[in-house]
Amino acid sequence: MANKPSTSSVLPLKRKATSEMEKPVKSVRVDDSDSDSDQPKDEIEAVAKPDIQIFPGFLPNDVTLVVDGKRLHVNKDLLSSASPVFDAWLKKEWQQDECSNDTKQELTFPGKTYDEMATFLKCLLPIFADQVTVATLETVLPLADEYQTDNLLKECEEVIRKHVGSVSERDIYIPPSQVVTYLLWIEQYNMHTAEKCVVRLASFLKTEEVEAVPNYINVSKSLQLDVSNARAKLFESLMVFNVTEAARKMNEFQIPLSTRYMAEWKRNVAEIVDIYLALSTLPRDAFSYKGSVPSLKSLEHIDFSSIRYKEQYKPSSITKDTCKSLRDKFKLSNILSS
């Protein structure tokens, strides 16, 4: 029989270092029905079957992946169609002369953990309903890249994009360490679609917060410059003098809702909102005196019934509603009390 081809001659080139990929080891298992023995079945001595651990949902199939001594049973065609790496292994490395349609192929994956491979395969194969989540990104993303599963890589990128975008829709906080991880993944896995929103999120953090993360030094200088430029442009554009302008810019720049982002700038907006809401309680005839809007600190000591202001400082009903909306949406009262 001809010598088996070497692994290096059949494995496809990996996007990064192919040598870093752990190669599965092949073993062949043939069904009992393929035995050449003519002995009647009822005379065959019963042999105890080994205790095989099967992950729920992975039913016996034509390919078995052995990880950490446990078995994951998958369909060869589904595995091949989902990954060119798996496809090459199954077609070239393990389809030898002794293999037939009834042969059960068993591939061992050294260096991988059972839980990680099970999570990855359940997100990869269409027979499962599992999807990538923020919690499973760290497990699925490296394996999706290693096995060149393009569709799963796109799904991972979309999870990052939606997670980062949600900070302007819900009161959630993504810490600097996670933001830096996303920046590193953007470069490592060429995630151009998610790059803009992750850079924008990083610009909402203070420079010292981001630079305090140890891994930030591994982010490329060009991407660090993008973050710095985005932060400078942001604060250059956010100077506001009234609540209408503040509301427009908060929407335009998708300012995060959490009070842990841009607290100092939000404090300035909160003071403007409080002033307008205080002025909205005054009767209309109080706005004829040509004075100026008082500071927030002096509001507590002002007798509004005896002081008159310029007509322009009487907030309209729309402005009053905008103030209440900003106060509730961004929890501005919490910022002033902190």
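Let me begin by describing the structure that accompanies this report. (Residues numbered from 1 in each chain as written. Predicted model: local features only at pLDDT ≥ 70, side-chain atom pairs only at ≥ 80, totals over all residues. Heavy atoms only, no water.)

1. With respect to the overall build of the protein chain
Helix and strand content of the protein chain: 13 helices and 4 strands. A total of 338 residues make up the protein chain; the buried ones form 42% of that total. Taking as baseline every contact in the protein chain between residues at least 6 positions apart, the subset at least 24 positions apart corresponds to 67%. Accessible area of the protein chain: about 19500 Å², with a carbon and sulfur share of 49%. (Helix = DSSP H or I, 4+ residues; strand = E, 2+ residues; numbered from the N terminus. Buried < 20%, exposed > 50% of the residue type's maximum accessible area, 1.4 Å probe, protein only. Contact = heavy atoms within 4.5 Å. Areas by Shrake-Rupley, 256 points an atom, 1.4 Å probe, with all protein chains shown as cover.)

2. Quick word on the pattern of salt bridges
By the definition in use, this model includes 11 salt bridges. When the shortest N-O distance is used, the salt bridge between K331 and D171 registers 3.4 Å. Of the two residues, K331 sits in the loop between helix 12 (317–329) and helix 13 (332–337) while D171 sits in the loop between helix 5 (150–165) and helix 6 (176–188), which places them 160 residues apart along the sequence. Its relative accessible area of 33% is what places K331 among the partly exposed residues. D328 is paired through a salt bridge with R327; the nearest N and O atoms lie 3.4 Å apart. Taking the relative accessible area as the measure of exposure, R327 reaches 27% and is therefore partly exposed. (Salt bridge = Lys/Arg side-chain N within 4 Å of Asp/Glu carboxyl O.)

3. Concerning the pairing of strand 3 (residues 70–74)
Counting buried positions along strand 3 yields 4 of 5 residues, so the element is predominantly enclosed. Sheet analysis places strand 2 (residues 63–67) next to strand 3, joined by 5 bridges and oriented antiparallel. Considered in strand 3, the bridge of V66 is made with R71. The antiparallel pairing of strand 2 with strand 3 creates a hairpin that spans 2 residues between the two strands, and D68 there sits at a positive phi of about 55 degrees. (Pairing = 2+ DSSP bridges.)

4. Comments concerning helix 7 (residues 192–203)
Compared with an ideal rise of 1.5 Å per residue, which puts 12 residues at 16 Å, helix 7 spans 17 Å between its outermost C-alpha atoms and is within 8% of the ideal. Taken together, the buried positions of helix 7 are occupied by A194, C197, V198, V199, L201, A202 and S203. (Expected span 1.5 Å × (residues − 1).)

5. Looking at the packing of aromatic side chains
A full pass over the atoms with the stated rule returns 8 aromatic pairs. Judged by centre distance (5.9 Å) and plane angle (80 degrees), the rings of W89 and Y147 are edge-to-face. Of this pair, W89 sits in helix 2 (residues 84–93) while Y147 sits in the loop between helix 4 (137–146) and helix 5, placing them 58 residues apart in sequence. This pair shows no difference in class: W89 is buried, exactly as Y147 is. Ring centres of Y173 and Y261 lie 5.1 Å apart, and the angle between their planes is 50 degrees; on these two criteria the pair is classed as tilted. Of this pair, Y173 sits in the loop between helix 5 and helix 6 while Y261 sits in the loop between helix 10 (243–252) and helix 11 (263–279), and the two are 88 residues apart along the sequence. Taking the relative accessible area as the measure of exposure, Y261 reaches 0% and is therefore buried. The structure contains a cluster of three or more aromatic residues connected by ring pairs, namely F86, W89, F109, F120 and Y147. (Phe/Tyr/Trp six-rings, centres within 6.5 Å; stacked < 30°, edge-to-face > 60°.)

6. Thoughts on the environment of V159
Among the structural elements, V159 can be located in helix 5. In the structure, V159 is positioned 22 residues away from L137 in sequence and 8.2 Å away in space, judged by C-alpha atoms. For V159, the contacting residues outside a window of four places in its chain are V132, T133, V134 and L137.

7. Digging into empty space enclosed by the protein
Tallying each qualifying case throughout the model produces 1 cavity of 30 Å³ or more. Of the voids in this model, the largest cavity is the one considered here, and its volume is about 40 Å³. What lines the largest cavity is V164, G165, V167, S168, C197, R200, L201, F204 and Q254. Breaking the lining of the largest cavity down by element, the ones donating at least two residues are helix 5 and helix 7. For the lining of the largest cavity, the residue count by class is 5 nonpolar, 3 polar and 1 charged. (1 Å grid on protein atoms, 1.4 Å probe; cavity = no way out; pocket = protein on both sides within 12 Å on 5 of 7 lines; lining within 4 Å. Points joined across faces, edges and corners; volume = space filled by probe spheres on them. Nonpolar A, V, L, I, M, F, W, Y, C, P; charged D, E, K, R; others polar.)

8. Description of the nonpolar core
In this structure, L65, F109, F120, I160, L183 and I255 are the most contacted members of the largest nonpolar core, which totals 83 residues. Among residues more than four places away in sequence, those in contact with F120 are F86, V140, L143, A144, Y147, T149 and L152. (Core = buried A, V, L, I, M, F, W, Y, C linked by side-chain atoms within 4.5 Å.)

9. Description of the layout of surface pockets
Of the volumes computed, that of the second largest pocket is approximately 320 Å³. As for the second largest pocket, its lining consists of 13 residues, of which K196, R200, S203, A230 and F253 are closest to the centre. Examining the composition of the lining of the second largest pocket, we find that 5 residues originate from one element, helix 7, more than from any other. For the lining of the second largest pocket, a count of residues per class yields 5 nonpolar, 2 polar and 6 charged.

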